[in-house]
Amino acid sequence: MSRKRKHSNRGKGHAGHSKATGPVRQEPRAPESVVSTIASPLPSGFDLERARQRVARALRNTTGAPWLVGFEAVGIQELIAANGRPLAMLGASKLVEQFDRSNLDEEHPQGEGGTVFAGGGRGLLVVPEEHADTTIHRLRHRYCEQTCGGQLATAKAPLDVERPLASLRWLRLGLDGAKDAADAPEVPVPPSHDGRCTDCKVRAIETTYEGPEGPVPACERCARAVAFGRNSDEQRWTLEELATDGLIAVVSADGNNLGRLFAGLRDLQENAICSDLVFSIFTDAHQHACPKDARFVAPVVGGDDIRVFLPPEHLIDYVTKLARRVEELSSRIAHPDLPSSIGQAISRLGVGVGAVIAPFHFPASRLIEMAHEFEDSAKRLCLRGGHRSAFDFMWLRSGQELSQGLGTVTKERPSALPLETTKWQQYLAKASALSKVSPTQRSMLIPRTAVSEEDVPERANLYRYQVARHEVWRQWFEDCGVDWRDEVALASNLPDARLVDVACLLEMSGKAGRR
């Protein structure tokens, strides 16, 4: 499977969901903790009236012709992952959060407008025409200063109060162009290798901060990120402390169908309400999905973007609960004062989730990048197949992926998995049943290479022979409702590498079925 962006993947089907032609029996049950029902009418932290008041206050405080000013952080993922330490990544996320908060809390002078929304490095303001350029300059300067050189894309557009939707669309087009045309960040390059920051290994040494073993020479950005991370109320863990048997899981998640959602909003008030609502839904879903009383680091939780490091045994549970919570909250939004257009548009909100399982000593920034590529794969499946949510991941067992890229090892990988409740439950049930098979035998039936039509009968007979020899395999096919004696049914329902990986993860979590 290609992992390069801008190239769609024409997968032949979903892993573990090939259609059986033999007698179908009842599907094995998935772990109850994974398929538990979640229900809540509104996400925690959502304040409808506060969003309305922000818009009304900004419009009242705008004298003269009103203009829209939009902004979005450029390369926020690279900013967060520039320093591979979880403490610094958490601190870098807090730097962006501080910028958002400074915009929300800013008291604009009389007649100079106000902020409609700010969160996740993105935001929208209403200002008088004569203050649009100075507002843009102030935003860029503030973001660059607070993040030590971060780039902020900005755009402006006149607000037509009679046709606000057209103004918002014009602003989005301008903001997309500004992101594409953004200059590369200014990086103070050291004259020699010895002058590089101890943490990021890229920028020049500008200061020091106190480490466990004394002063650490660092660039200003890394030192500030570490300081913000230390001041955070969240529990701090190293990647090694997160690891189980030397492995960690890295998750990258992003909202689906947001473009269609925001394109259908009619005015500024709906835009502000929907932005707050999406922010609250994903914050609520992440908090609900995080393992309770367990180790994890979430350096990015802003808007609809989520990045999480956690022990691999919690990965399946986290992904399942995250997607379920996002869909439950968005499908069951109920509030008497909520505009009906928002309730209808947000009902199809979903999430694309990518993940990587790898040794903890792999570079954290590279693992986040890989997880983001699998997130893109999941979102492509949603776009092609009409799914609300999907999941794609890989278990990295060597350094080949780091040196040669994911394309070298993903060509034969199955496509992403849809997270619809029934299909996902069936897939987890098959993986749970597979966990009963000895680890030394689980990969025995995985097809290694493509088979020509002439070789199909011979290969099918070989598989049937292997299944007939092993009682655990016969039991697995029976648990999955497949007649292993039927060569067509057997060949169509062989476990793939991803199903084996999911079985291993369920076994690690202690939630896999037991014979």
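Look above for the structure.
Note that the coordinates shown come from a computational prediction; the quantities given were computed from them, not determined experimentally.

Enquirer: Which residues make up the side chain of Arg325, and what values do they have?
Expert: Among the secondary structure elements, Arg325 is positioned in helix α10 (residues 315-331). A polar atom in the side chain of Arg325 sits 2.8 Å from the side chain of Asp284.

Enquirer: Give me the lowdown on the pairing of strand β2 (residues 114-119), citing residues and values where you can.
Expert: With 6 of 6 residues buried, β2 is to be regarded as a mostly interior element. Pairing of β2 with strand β3 (residues 122-128) involves 5 bridges; the strand directions are antiparallel. Bridge pairing in β3 places Thr115 opposite Leu125. Between β2 and the antiparallel strand that follows it, β3, lie 2 residues; Gly120 among them carries a positive phi value of about 65°.

Enquirer: Please give an account of the sheet that holds β2 that cites residues and values.
Expert: Spatial ordering of the open sheet is given by β2-β3-β1-β4, a layout of 4 strands whose pairing is antiparallel. Since the sheet does not close on itself, it has two edges, and those belong to β2 and β4 (151-158), each with one partner. Averaged over all pairs of adjacent strands, the angle between their axes in this sheet comes to 15°, without regard to strand direction. In this structure, strand β1 (residues 66-74) lies alongside β4, joined through 8 bridges in antiparallel fashion. When the bridges of β4 are listed, Leu68 appears paired with Ala157. Helix α3 (residues 86-105) rests against β1, β2, β3 and β4 of the sheet, and its axis sits at about 160° to β2.

Enquirer: Which residues make up the pattern of salt bridges, and what values go with them?
Expert: Counted under the stated rule, the structure contains 25 salt bridges. What emerges from the salt-bridge pattern is a single network uniting Glu72, Arg122, Asp176, Lys179, Asp304 and Asp305.

Enquirer: Mind laying out the environment of Ala132, listing which residues take part and the relevant values?
Expert: Considering the arrangement of structural elements, one finds Ala132 in helix α4 (residues 132-146). Owing to a relative accessible area of 0%, Ala132 belongs among the buried residues under this scheme. Residues Ala132 and Val69, 63 residues apart in the sequence, show an inter-C-alpha distance of 6.8 Å. Apart from the residues lying within four places of it in its own chain, the contact partners of Ala132 are Val69, Val127 and Lys156.

Enquirer: I'd like a description of the packing of aromatic side chains, backed by residues and values.
Expert: Per the stated rule, a full pass over the model turns up 8 aromatic pairs. A ring pair is formed by Phe71 and Phe99, whose centres lie 5.4 Å apart and whose planes are at 75°; its orientation type is edge-to-face. With Phe71 in strand β1 and Phe99 in helix α3, this residue pair connects regions lying 28 residues apart in the sequence. As far as the burial class goes, Phe71 and Phe99 line up, both buried. Relative to Tyr143, the ring of Phe99 lies with its centre 5.0 Å away and its plane at 70°, an arrangement referred to as edge-to-face. Of this pair, Phe99 sits in helix α3 while Tyr143 sits in helix α4, placing them 44 residues apart in sequence. For Phe99, a relative accessible area of 0% corresponds to the buried category. The rings of Phe391, Phe393, Trp424 and Tyr427 are connected pair by pair, giving a single aromatic cluster.

Criteria and cut-off values
Residues numbered from 1 in each chain as written. Predicted model: local features only at pLDDT ≥ 70, side-chain atom pairs only at ≥ 80, totals over all residues. Heavy atoms only, no water. Helix = DSSP H or I, 4+ residues; strand = E, 2+ residues; numbered from the N terminus. Polar contact = N/O pair within 3.5 Å; in protein donor to acceptor, adjacent residues only side chain to side chain. Buried < 20%, exposed > 50% of the residue type's maximum accessible area, 1.4 Å probe, protein only. Pairing = 2+ DSSP bridges. Axes fitted to C-alpha atoms, helices over the stretch in contact; angles between N-to-C directions. Contact = heavy atoms within 4.5 Å. Salt bridge = Lys/Arg side-chain N within 4 Å of Asp/Glu carboxyl O. Phe/Tyr/Trp six-rings, centres within 6.5 Å; stacked < 30°, edge-to-face > 60°.

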